[in-house]
Every structure is written in C-alpha cells, then in structure tokens.
Amino acid sequence: MQTLRDLPALRSAVQTLKSDRKPLVLVPTMGALHDGHMALVEEARRHGRHVVVSIFVNPRQFGPNEDLAAYPRREAKDAQMLQAAGVDILWAPTVDVMYPAGYATNISVTGISDGLDGAARPGHFDGVATVVTKLFNQVRPDVAIFGQKDYQQLAVIRRFVADLNLPIEIVGLPTQRAEDGLALSSRNAYLSEEERKAALALPRALGEAKRQIEKGEPVEGALAQAIASLAAHGFGPIDYVSLCDAATLEPMAVLDRPARLLGAAKLGKTRLIDNIAVDPV
Ligand code: AMP
C-alpha cells in the first residue's frame, strides 16, 4: 500500500492502477478506523477491485464549537489496518493540499440537507459535499462506498452526484454495530465507561419507536416516548428524533411509505447519531 499526501503522486499512482481497466473504488473516511469502516473496505475489495481509502479530517464540516481539535487521529494504526486489508492507496492529504491559499469554492445542496443534522450543524453538509466532490475529482473512482450510519450524508451525496452528472456509482452499506447494538463510531472513543452503557439507550429508543410505529401506534407519541427515554438516560440536548421519508428525508406524521427513523443527541460531550428503517407492514 502506498501512503500519498500530494496530488501529483496521487494522480500518477491512480493512473498506474487504472491501466488494467479494473474498477477503482474509493472509501472516504476521517480515520480512527473501526470495523464499520473496515466493512466498507471489505466491500470495496470484492471482485479484486482496486481500492483507495482517504483519511482526511475535514475542517469545513466541523462547526466552530465542535470537536475538530479533539477528533481522534491514529494514522499509523489506520495504515496498518488498511495495508492488512489489501488496500492499494491511502490518500491522506494535508489541509493545505485540500484547501490551498485562495481556495474559494463551496458545494451546497439544498432541500435534503436542510433538516435534521443540517439544521443542528449549520454548514456541515456544505463541508461534506465540498470535500467529497474534491475527493471524487482527485481520485476519479468508478465506485464510492459510504455507510448508512450517516444516512442523511449518504442522501446528500446521492443528490449531488445525480445533479452534477458525476459518473460514479454510489454504494451505501448497512450500519455496523457493537454486539450490544450501539452503532460503531470513531466518536465512541470519547465515551466514559458509564456513558458507553447509557449510549445503548439511543438504538434501544429508536428500536422501540420503530416497533410501535410499525404496529400502527401514532407516530407523534412514539417519537415523544423515544425522546423521553433518551432524556431519562442522561442524553441532552436532544437535537432530533424524527420519522422521515426514506428517500427525500421529508418529515412524516403517518407511516404510509418506506421511512427512516433518525436520532441525534449529546451524551456528555459526545454527540451520537443513529438511524433505522421503518416500513409499513
Ligand atoms: P467517518 O470516518 O465517520 O467520516 O466515516 C467514514 C465512512 O464510514 C462514512 O461513509 C460512514 O458512514 C461510514 N461509517 C462510519 N461508521 C459506520 C458504521 N458503524 N457502519 C457502517 N459504516 C460506517
């Protein structure tokens, strides 16, 4: 595996890889890799495809009071994991390579990025859309793989890829969870032992609300109960627990089509997100 940090080196390595015409797959990450990321890498490797994994902690997707400085950085260990998994290139640009002096362009997706995390984290999805567009132009993959853990992010990416006619197949993979059900996340490293136990209330509250809604209970009551359960387990502030159209992410008051139940809340200093499918029976 080659670890590359500047564009000329990346371009030349990608050109060499592409010369055998096998598809090239990109897995964008912010590092501090866990089994959720590695499931994406494993999928990328299927059928002997070439794989580029990017690690870039993107300042533009963090708000001024968020955890950019504290975000876990473990590149040496990440590189070992990626090498063992058969990755061809680790693309790890510096902030100066990604955003050189004079950088002035922003990719902004309206509608689908306005609610949920877009409302709770102003500017977040502009940062995501901008960096993912740049990663696509830098690596020029045939396929890019993302996790459903960041469900709205995946929807935003699908939107601009379609809108901008980018010739890239977007694949979304199911959320990988710890044995007890907590979604794997680099941010779980922030949790104390006690918080780690309390964190389970998030998938449990979503699971309970899903059961109620699929049984035909009123959506509003099920969401209120989930919020109350999170608060009782020490979560706060709770940004949202919301039932949304699975494709457009418009809020739904009645389960009359495939939906997604999404939640985001802080536990101590750590902001956790999770989501599950809710389907009309
Ligand atoms: P991040 O490093 O958190 O930006 O995540 C990089 C990619 O890994 C994104 O596409 C995430 O959705 C995906 N990802 C993160 N956690 C998980 C998980 N638990 N299961 C599946 N994919 C994940």
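Residues numbered from 1 in each chain as written. Predicted model: local features only at pLDDT ≥ 70, side-chain atom pairs only at ≥ 80, totals over all residues. Heavy atoms only, no water.

**Overview of the domain arrangement of the protein**
So the rule is basically this: Residue ranges assigned to the domains are those given by an automatic or database domain assignment. Contacts are assigned to residue pairs with any non-hydrogen atoms lying within 4.5 Å of each other. Using a 1.4 Å probe, buried area is obtained as the accessible area two parts lose upon being combined, added over both of them. Definition used for salt bridges: Asp or Glu carboxyl oxygen within 4 Å of a side-chain nitrogen of Lys or Arg. Each polar contact in these results corresponds to two N or O atoms within 3.5 Å; when the atoms are within protein, one needs to be able to donate a hydrogen and the other to accept it, and residues that are neighboring in sequence are counted only if both atoms are side-chain atoms.
As assigned here, the protein comprises domain 1 (2–173) and domain 2 (191–275). Centre-to-centre, using C-alpha coordinates, domain 1 lies 27 Å away from domain 2. The interface is formed by 11 residues belonging to domain 1 together with 14 residues belonging to domain 2. Together domain 1 and domain 2 conceal approximately 1,100 Å² of surface at their shared face, both sides included; 60% is due to carbon and sulfur atoms. Across the contact surface, domain 1 and domain 2 share one salt bridge. Of the charged contacts in the structure, one is a salt bridge between R271 and D117, with a shortest N-O distance of 2.8 Å. Applying the counting rule to domain 1 against domain 2 returns five residue pairs in polar contact (both at pLDDT 80 or more).

**A short note on unusual backbone geometry**
Quick note on the threshold: Secondary structure is summarised from DSSP: a helix means a run of H or I of at least four residues, a strand means a run of E of at least two, and numbering begins at the N terminus for each.
Residue P237 follows G236 across a cis peptide bond; omega there is -5 degrees. Looking at the secondary structure, you find P237 in strand 7 (residues 235–245). Of note, L249 is a non-glycine position whose phi angle comes to about 65 degrees, a positive value. Position of L249 relative to the elements: it lies in the loop between strand 7 and strand 8 (259–267).

**Describing the sheet that holds strand 4 (residues 89–91)**
Stated formally: Pairing between strands is defined by DSSP: at least two bridges between them are needed. Only the contacting stretch of a helix is used when fitting its axis, a line to C-alpha atoms as for every element, and angles between N-to-C directions run 0 to 180 degrees.
If you walk across this open sheet you meet the six strands as 1-4-3-2-5-6, and the pairing is parallel. Unpaired on one side and paired on the other, strand 1 (2–4) and strand 6 (169–173) mark the two borders of the sheet. Sheet twist, expressed as the mean angle between neighbouring strand axes with direction ignored, is 25 degrees. Of the pairings in the sheet, the one linking strand 1 to strand 4 comprises three bridges and is parallel in character. What sits directly across from L4, in strand 4, is W91. Helix 6 (residues 124–139) rests against strand 2 (24–29), strand 3 (50–55), strand 4, strand 5 (143–147) and strand 6 of the sheet, and its axis sits at about 145 degrees to strand 2. Its contacts with the sheet put helix 7 (residues 151–163) on strand 5 and strand 6, and the angle it makes with strand 6 is roughly 170 degrees.

**Thoughts on the sheet that holds strand 9 (residues 270–278)**
Strand order in the open sheet formed by three strands is 7-8-9, with antiparallel pairing between adjacent strands. Both edges of this open sheet fall to strand 7 and strand 9, since each of them pairs with a single strand only. Pairwise comparison of adjacent strand axes, ignoring direction, gives a mean angle of 10 degrees for this sheet. Looking at chain direction, strand 8 and strand 9 are connected through nine bridges and run antiparallel. In the sheet register, A264 faces strand 9, and the bridge partner there is I273. Contacts between helix 9 (residues 201–215) and the sheet are confined to strand 7, strand 8 and strand 9, with strand 9 contributing the most and set at about 25 degrees to the helix. Where helix 10 (residues 219–232) meets the sheet, it contacts strand 7 and strand 8, and its direction lies at approximately 155 degrees from that of strand 7.

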